[in-house]
Amino acid sequence: MKIALMNFLYDLHRTMMSQHVMLAYQGDITQETTKSILTMAERSLQVFEQDPAITRKVFNVMVEALQNIVKHNAELSENGALRNVGIFLIGRESNGYAVMSGNPVLKKNVPALRKNLDRINGLDKNGLKDLYKSIIQGTTLSEKGGAGLGFVDMARKSGEKLHFDFPEMSEKYCFFCLKVNVLPDSSI
């Protein structure tokens, strides 16, 4: 078992290096862990990025991705204890950065989430701007958040389509995978 674990660790390291992963976190994602993750990510960005404008865009997308997990994560029950388990990664790509997150969601919520993300991806720069204003002006924000405002903000800040998928975890849950590419000259 120890050798297999050591090989796994080495393979994981090699994969992360080949994929240019700057930061990866897997575990409970709460407001408290979000602060720590953002601090570590900010330090990593300072090493790689000299342009403050791109750093701000990447940071904004990171905040929204982590807040999405905190607010909308389906808590998994493990031995009677609820857990907000998720994953967050930031990676360097040849032309920018990739912010990736994943968390369990209830299967019954997937159709509405997919519809919202497809709608956002179908809009151009002006359409996203109008949707953002519409949500701000016409939505009463609940304790869970702003009716998809974070996704709209990620699309606006990145200037790119949101990449997503919902692999099945169990009879009750899917795993919501989200990737947002942030390019140097992107912004809506």
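Structure: above.
Right, let's walk through the structure included here. Everything numeric here is computed off the predicted structure, so don't read it as measured data.

Here we take up the overall build of the protein. Broken down by element type, the protein carries six helices and seven strands. Reading the protein from its N terminus to its C terminus gives the helix and strand order α-β-α-α-β-β-β-β-α-α-α-β-β. Counting over 188 residues, the protein shows a buried share of 40%. Within the protein, counting contacts between residues at least 6 apart in sequence, those at least 24 apart form 69% of the total. For the protein, the exposed surface amounts to about 11,000 Å²; the carbon and sulfur share of it is 54%.

Glancing now at the nonpolar core. Membership of the largest hydrophobic core comes to 40 residues, with the highest contact counts inside it found for V58, M62, F151, L162, F166 and F176. Here the element with the most residues in this core is helix α3 (residues 52-72); it accounts for eight residues. The residues touching F176, leaving out its near neighbours within four places in the chain, are N68, S101, G102, N103, V105, L113, L117, F151, F164, D165 and F166.

Below, the discussion takes up the packing of helix α4 (residues 110-121) against helix α6 (residues 149-158). Two elements in contact, α4 and α6, have axes whose closest approach is 10 Å; the angle formed by their N-to-C orientations is 30°. Judged by the inter-axis angle, α4 sits roughly parallel to α6. The way α4 lies across α6 gives a crossing that is right-handed. Along the contact surface, α4 presents L113, N116, L117 and I120, while α6 presents F151, V152 and A155. A per-class count over the contact of α4 with α6 returns six nonpolar, one polar and no charged.

Locating F164 in the fold gives a position in strand β6 (residues 162-165). Along the chain, F164 and M100 lie 64 residues apart, while their C-alpha atoms are 9.5 Å from each other. Beyond its immediate stretch of four places on either side in the chain, F164 contacts R114, L117, D118, N121, F176, C177 and L178.

On to α3, then. Taking 1.5 Å as the rise per residue, α3 with 21 residues should run 30 Å; its terminal C-alpha atoms sit 30 Å apart, in good agreement. All buried positions along α3 are accounted for by I54, T55, K57, V58, V61, M62, A65, L66, Q67, N68, I69 and V70. Buried residues in α3 make contact with α2 (31-48), β4 (85-93), β5 (96-106), α6 and β7 (173-182). N-capping of α3 is provided by D51, with a side-chain oxygen placed 2.9 Å from the backbone N of A53.

Relative to the helices and strands, T55 resides in helix α3. T55 has contacts with L45 and E49, leaving out every residue within four places of it along the chain.

With that out of the way, let us pick up the packing of aromatic side chains. A complete count under the given rule lists three aromatic pairs for this structure. For the pair F164 and F166, a centre-to-centre distance of 5.9 Å together with 65° between the ring planes defines the contact as edge-to-face. Of the two residues, F164 and F166, both sit in the buried class. Taken together, a centroid distance of 5.2 Å and an interplanar angle of 15° make the contact between F166 and F176 stacked.

Right, let's talk about the state of the cysteines for a bit. In total, this model carries zero disulfides according to the counting rule given. The closest cysteine sulfur to the non-disulfide-bonded C174 is located on C177, 9.9 Å from its own sulfur.

Criteria and thresholds
- Residues numbered from 1 in each chain as written.
- Predicted model: local features only at pLDDT ≥ 70, side-chain atom pairs only at ≥ 80, totals over all residues.
- Heavy atoms only, no water.
- Helix = DSSP H or I, 4+ residues; strand = E, 2+ residues; numbered from the N terminus.
- Buried < 20%, exposed > 50% of the residue type's maximum accessible area, 1.4 Å probe, protein only.
- Contact = heavy atoms within 4.5 Å.
- Areas by Shrake-Rupley, 256 points an atom, 1.4 Å probe, with all protein chains shown as cover.
- Core = buried A, V, L, I, M, F, W, Y, C linked by side-chain atoms within 4.5 Å.
- Axes fitted to C-alpha atoms, helices over the stretch in contact; angles between N-to-C directions.
- Parallel < 35°, antiparallel > 145°, perpendicular 65-115°, else oblique.
- Left-handed = near helix turned anticlockwise from the far one by under 90°.
- Nonpolar A, V, L, I, M, F, W, Y, C, P; charged D, E, K, R; others polar.
- Expected span 1.5 Å × (residues − 1).
- Polar contact = N/O pair within 3.5 Å; in protein donor to acceptor, adjacent residues only side chain to side chain.
- Phe/Tyr/Trp six-rings, centres within 6.5 Å; stacked < 30°, edge-to-face > 60°.
- Disulfide = S-S within 2.5 Å.

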